[in-house]
Amino acid sequence: MSSFDTAPHEAYGLNQRDTPPSTTLTIPIGGMTCAACSARVEKALNNLAGVERATVNLATEKATVVYTPALIRMSAIKGAIEKAGYQALDFSKAGALDHDALQKAQEIKILRTQFIVAAAFALPLLYIAMVPMMGALAPPWFSLPFPKALAPMDFPLMYALVELGLVIPVIIAGNRFYRGGFKNLLHRSPNMDSLIAVGTGAAVLYSLYNVGQIALGDFGAVESLYFETAGVIIALILLGKSLEAVSKGRTGEAIKKLLSLAPKTAIIIEQGVEKEIPIDEVILGDLILVKPGAKIPVDGVVIEGSTAIDESMLSGESMPVDKKAGDPVYGATINANGLIRFRAEKVGGDTALARIIALVEDAQGSKAPIARLADVVSGFFVPIVCAIALAAGVAWFAAASAGRVSLPAGKSPLEFSLTIFISVLVIACPCALGLATPTAIMVGTGKGAETGILIKGGEALETTHRIDTIVFDKTGTLTEGKPEVTDVVPLPGVDGTFLLQISASAEKGSEHPLGLAVVRGAQRRGLELFPIGRFQALTGRGIEAVVQGLTVLAGNSKLLEERNISLAGLEEPGDRLAGEGKTPMFIALDGKPAGIVAVADVLKKSSPAAIEALHRMGIEVAMITGDTRKTAAAIAKQAGIGRVLAEVLPQDKAHEVKRLQEEGRRVAMVGDGINDAPALVQADIGIAIGSGTDVALESADIVLMHGDLTDVPAAIRLSKQTIRIIKQNLFWAFGYNTLGIPLAAGALYLFGGPLLNPIFAAAAMSMSSVSVLTNALRLKRFNPAKNSPGA
């Protein structure tokens, strides 16, 4: 590596105690054809000093590299890819996905053309090669038309030259295998192309040798031509590659659907003049005009006008949301009826839609731990296959030459061993190993995104299917998060209206949903709120404030007990209200109890259905809340939850999750992703509830965009189905190669069975990777609605 590609800490002003910041780079890679290729590139990148972690995804054909710019430059990373024998493709983030789609479409078109050309010449080549043989074996009444001028025994040289003429266009159509295969052999890094190139190349070279023998007068060599074997193998593999490319394209349809949501242009207002520009040219601060029926181009805040906006693509809510000046709007949502002007606040990759697309892309490019064995095997697969092919060929040649094996009629020891050699090389399929996991992850995470379930990566996807316990936060997760004042219970001598008025005045400084509910309750009753002299939030207990010269305490019973304030006269109504599922807020004025303001939060309609679905799946469900045990028990009973973790302070939620894990449970935590962040991180899987506009990407492994709790069992079902598909794919990939390679090496022939023809070996290899892809595409039929009762 050159000196300007890396730099010591000192060159960047860093000492040994500093930790240089790392960054993530995604690089499209050209020239990868199988798992051996992706394994080789991954190894080359991980061996670079300054690269923390690199993963290469064969399905997406991209490398994700976490590296330290202070230690290694991007040019060195790309250079390592080039040195490994592949191309590090350049792309700009803007329009990268469109470019990628066009590139894949062009690749499919080229492969189809190459297959058509190869098939057009391979089929007559196969006919010419097989008909004379069939004629000798067929009954007298059966015959196929065949030109006499090509009769192999009468005109052997003409016959051989015609076969040579037909195989040349096939070789040209399949030149990608020879270019890539021999290039990787020279780099001492053989891949699938190398197996095809060596196998078919050996058949062609041996056949060319025999053409020379025929030209010299040895007409018996006409029976030793293998041009049709090479031609048909190439045609079949091109067919398999074409089908594979189409299937791989379909695995990325989720990204295309998300991209199609974004408008292409925006109408900006410059100096009072409307101007339509491409969306990529919109900058922060632009004033944008949106007409009725048009899509919002980027995220921003309404400056002028009012309308209703369809935000279903983000929130899942079908009803349009009313918007006025000061309200936020989000790119790709639809303006239903009004004319609005808004100021752009987030553009390009910072918009809500762009963040969702980036999350899905990252997830699709990630790896699951279940794929580790396949990754290890892929790194050694091709050299091992080459060794097996060579060993089998030499062993059979030696045995046949010594007369220890009876050969098929008309075959010499060299021809017999060559058939074995070619069959082993051609049947081996590292592609199936390389595609088994990433294709399933691509389709699974993509299907999740389509249904509002954003899964951050392969590891989260795999861990989710093992979850046996789910903990739900109460407020805003199981409940609507919009509590209302239901009861005001003053003690004797205290006016109820004044109690609500002063409590609401004290809560003005609070951001807690319960405090805001008290403020709303007073405002709806037309009560004027007093100014606050001093305010302090007491985490997990309540608030303390000075209002109208009175020290106001509002919170749970613990708060009053801490201040040695008697609960006499409040315990009975407090217990009764808690038993009704309401949250009693105990109020004290100047150190004396004054009464209770009760607040209730309505359970979400989807909560009982989601809990029931989880119970049917055999998953234990718990609820965690800071509420009193009685209030929590009442809410849990409504939702159908048996285990309640009540009176838990926000900072202790993570500890409660850890206690469950210490019981040997695999725990998922479901919360709002902000207040519950420590618990989300502590859990085996953190699931954040919220719209796509405030996804808690840092703390959650899964984000449910629509806020519908039935998406929780849907996410678990999606994980289970994806892992099931991955296991099926890996079983097929390993099983195919474990059985196929010995068969091709002559295992059956050794015990009197048939010898595998290289043409059938090529057909099996072509279909193996296609079958893995087709199996993964079954995930596209995933239906989250099956989680609902009765579905």
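## Considerations on the overall build of the protein chain
Line of reasoning, step 1. Each helix and strand in the protein chain was counted, giving 26 helices and 26 strands.
Line of reasoning, step 2. At 35 Å, the protein chain has a C-alpha radius of gyration far larger than the 28 Å of a compact globule built from 791 residues.
Line of reasoning, step 3. With respect to the three principal axes, the spread of C-alpha positions in the protein chain is 125 × 65 × 65 Å.
Line of reasoning, step 4. Residues classed as buried in the protein chain amount to 52% of the 791 residues present.
Line of reasoning, step 5. In the structure as shown, the protein chain presents an accessible area of about 34,900 Å², 59% of it carried by carbon and sulfur atoms.
Line of reasoning, step 6. Charge separation in the protein chain, taken as the distance between the mean sites of 72 positive and 75 negative side-chain charges, equals 4 Å.

## Thoughts on the pairing of strand S1 (residues 23-30)
Line of reasoning, step 1. Two elements, S1 and strand S3 (residues 62-67), share six bridges in a ladder whose sense is antiparallel. Its bridge partner being in S3, Leu25 is matched across the sheet by Val65.
Line of reasoning, step 2. As paired elements, S1 and strand S4 (residues 87-88) share two bridges and run antiparallel to each other. In the strand pairing of S4, Gly30 is matched with Gln87.

## Quick look at the sheet that holds strand S10 (residues 321-323)
Line of reasoning, step 1. Across the sheet, which stays open at both edges, the three strands sit in the order S10-S9-S12 with antiparallel pairing between neighbours. At either end of the open sheet lies a strand with only one pairing partner, and these are S10 and strand S12 (334-335).
Line of reasoning, step 2. Judged from the two bridges that link them, strand S9 (residues 307-310) and S12 form a sheet pairing that is antiparallel. In the strand pairing of S12, Asp310 is matched with Ile334.

## Examining the pattern of salt bridges
Line of reasoning, step 1. Per the stated rule, a full pass over the model turns up 20 salt bridges.
Line of reasoning, step 2. The closest approach of N and O atoms between Arg466 and Glu462, which form a salt bridge, is 3.1 Å.
Line of reasoning, step 3. On the accessibility criterion, Arg466 (37% relative accessible area) is partly exposed.
Line of reasoning, step 4. Arg665 is the salt-bridge partner of Glu663, the closest N and O atoms lying 3.0 Å from each other.
Line of reasoning, step 5. For Glu663, a relative accessible area of 45% translates into the label partly exposed.

## Considering a nonpolar patch on the surface
Line of reasoning, step 1. Judged by side-chain polarity, Val376, Phe380, Ile384 and Ile388 come together as a nonpolar surface patch covering roughly 380 Å² of accessible area.
Line of reasoning, step 2. Here Phe380 shows up in helix H11 (residues 372-401).

## Thoughts on the side chain of Asn775
Line of reasoning, step 1. Note that Asn775 resides in helix H26 (residues 758-777).
Line of reasoning, step 2. With residues near it in sequence (within four places) discarded, Asn775 still touches Ile725, Gln728 and Asn729.

## A closer look at the packing of aromatic side chains
Line of reasoning, step 1. Summed over all chains, the structure comprises seven aromatic pairs.
Line of reasoning, step 2. When the centroid spacing of 6.1 Å and the interplanar angle of 45 degrees are considered together, the rings of Tyr206 and Tyr226 count as tilted. Of this pair, Tyr206 sits in helix H6 (residues 192-215) while Tyr226 is found in the loop between H6 and helix H7 (227-251), placing the two residues 20 residues apart along the sequence. Neither Tyr206 nor Tyr226 differs from the other in exposure class; each is buried.
Line of reasoning, step 3. Centroid distance Phe416 to Tyr749: 5.1 Å. Interplanar angle 50 degrees. Geometry classified as tilted. Separated by 333 residues along the polypeptide, Phe416 in helix H12 (residues 413-427) and Tyr749 in helix H25 (residues 747-750) bring together distant segments of the chain. Across the pair, exposure class does not vary: Phe416 and Tyr749 are buried alike.

## Structural notes on the sheet that holds strand S16 (residues 484-490)
Line of reasoning, step 1. Here six strands make up an open sheet; going across it, the order is S16-S21-S20-S19-S18-S17 and the pairing antiparallel. Each of the sheet's edge strands pairs with one partner strand only, and the pair in question is S16 and strand S17 (532-538). Pairs of neighbouring strands in the sheet enclose a mean axial angle of 20 degrees, with direction left out of account.
Line of reasoning, step 2. Here S16 runs beside strand S21 (residues 592-600); their pairing, made up of six bridges, is antiparallel. Paired with Val488 across the strands is Val597, a residue of S21.
Line of reasoning, step 3. With respect to the sheet, helix H19 (residues 571-579) is in contact with S16, strand S20 (583-589) and S21, its orientation differing from that of S21 by roughly 10 degrees.

## A look at H11
Along an α-helix, residues three or four positions apart point the same way, because every turn accommodates 3.6 residues.
Line of reasoning, step 1. The terminal C-alpha atoms of H11, which comprises 30 residues, lie 43 Å apart, in line with the 44 Å expected from a rise of 1.5 Å per residue.
Line of reasoning, step 2. Along H11, the sharpest change in direction is near 45 degrees and occurs at Phe381; proline Pro383 comes one to four residues later.
Line of reasoning, step 3. Looking only at H11, the buried set comprises Ala374, Ser378, Phe381, Val382, Val385, Ala389, Ala392, Gly393, Trp396, Ala399 and Ala400.
Line of reasoning, step 4. Buried residues belonging to H11 abut helix H1 (35-46), H6, H12, helix H13 (430-450), helix H24 (711-744) and H25.
Line of reasoning, step 5. Taken from the residues just after H11, Gly403 is the one with a positive phi, measuring 80 degrees.

## Section: the packing of H11 against H12
Line of reasoning, step 1. Put simply, H11 and H12 touch, their axes get as near as 8 Å, and they point 160 degrees apart. Considering their axes alone, H11 and H12 lie roughly antiparallel with respect to each other. Relative to H12, H11 is oriented so that their crossing is right-handed. Residues Val385, Cys386, Ile388, Ala389, Leu390, Ala392, Gly393, Trp396, Phe397, Ala400 and Ser401 of H11 touch H12, and the partners they reach there are Pro413, Leu414, Phe416, Ser417, Ile420, Phe421, Val424 and Leu425.
Line of reasoning, step 2. For the contact of H11 with H12, the residue count by class is 16 nonpolar, three polar and no charged.

## A look at the confidence of the model for the protein chain
Line of reasoning, step 1. Per-residue confidence for the protein chain gives a mean pLDDT of 84, with 90% of residues at or over 70.
Line of reasoning, step 2. For the stretch residues 1-17, pLDDT sits under 50, and the model shows 28 contacts to residues farther than four places along the chain or on other chains.

## Overview of the nonpolar core
Line of reasoning, step 1. In terms of nonpolar packing, the biggest core is built from 151 residues, with Leu45, Ile77, Ile470, Phe472 and Val712 touching the most fellow members.
Line of reasoning, step 2. Core analysis: the next-biggest nonpolar cluster, separate from the first, contains 25 residues, Val485, Leu499, Ala504 and Val547 among them.

## With respect to unusual backbone geometry
Excluding glycine, residues mostly carry a negative phi; peptide bonds, for their part, are mostly trans.
Line of reasoning, step 1. With phi around 55 degrees, Gln548 is a residue other than glycine that occupies positive phi space.
Line of reasoning, step 2. Checked against the element boundaries, Gln548 lands in the loop between strand S18 (542-547) and strand S19 (550-555).
Line of reasoning, step 3. A positive phi angle, near 60 degrees, is found at Asn564, a position not held by glycine.
Line of reasoning, step 4. Examined against the element boundaries, Asn564 turns out to sit in the loop between helix H18 (557-562) and H19.

## A word on the environment of Ile370
Line of reasoning, step 1. With respect to the helices and strands, the residue Ile370 is situated in the loop between helix H10 (352-364) and H11.
Line of reasoning, step 2. Along the chain, Ile370 and Glu656 lie 286 residues apart, while their C-alpha atoms are 29 Å from each other.
Line of reasoning, step 3. Non-local contacts of Ile370, meaning those with residues more than four positions away in its chain, are made with Thr437, Glu462, Ile723, Ile726, Lys727 and Leu730.

## Observations concerning the packing of H11 against H24
Line of reasoning, step 1. At a minimum axis separation of 13 Å, H11 and H24 run at an interaxial angle of 15 degrees. Relative to H24, the element H11 is oriented roughly parallel. Along this stretch, H11 crosses H24, giving a crossing that reads as left-handed. From H11, Leu373, Ala374, Val377, Phe381, Val385 and Ile388 reach across to H24, where they touch Leu730, Phe734, Asn737 and Ile741.
Line of reasoning, step 2. Its residues assigned to classes, the contact of H11 with H24 comprises nine nonpolar, one polar and no charged.

Rules used throughout
- Residues numbered from 1 in each chain as written.
- Predicted model: local features only at pLDDT ≥ 70, side-chain atom pairs only at ≥ 80, totals over all residues.
- Heavy atoms only, no water.
- Helix = DSSP H or I, 4+ residues; strand = E, 2+ residues; numbered from the N terminus.
- Rg over C-alpha atoms; globule rule 2.2 N^0.38 Å.
- Buried < 20%, exposed > 50% of the residue type's maximum accessible area, 1.4 Å probe, protein only.
- Areas by Shrake-Rupley, 256 points an atom, 1.4 Å probe, with all protein chains shown as cover.
- Lys, Arg positive; Asp, Glu negative; His and termini not counted.
- Charge placed at Lys NZ, Arg CZ, Asp CG, Glu CD.
- Pairing = 2+ DSSP bridges.
- Salt bridge = Lys/Arg side-chain N within 4 Å of Asp/Glu carboxyl O.
- Patch = residues over 30% accessible without salt bridge, like charges linked within 9 Å, V, L, I, M, F, W, Y side chains within 5 Å.
- Contact = heavy atoms within 4.5 Å.
- Phe/Tyr/Trp six-rings, centres within 6.5 Å; stacked < 30°, edge-to-face > 60°.
- Axes fitted to C-alpha atoms, helices over the stretch in contact; angles between N-to-C directions.
- Expected span 1.5 Å × (residues − 1).
- Bend = angle between axes of the 7 residues up to and from the residue.
- Parallel < 35°, antiparallel > 145°, perpendicular 65-115°, else oblique.
- Left-handed = near helix turned anticlockwise from the far one by under 90°.
- Nonpolar A, V, L, I, M, F, W, Y, C, P; charged D, E, K, R; others polar.
- pLDDT = per-residue confidence, 0-100.
- Core = buried A, V, L, I, M, F, W, Y, C linked by side-chain atoms within 4.5 Å.

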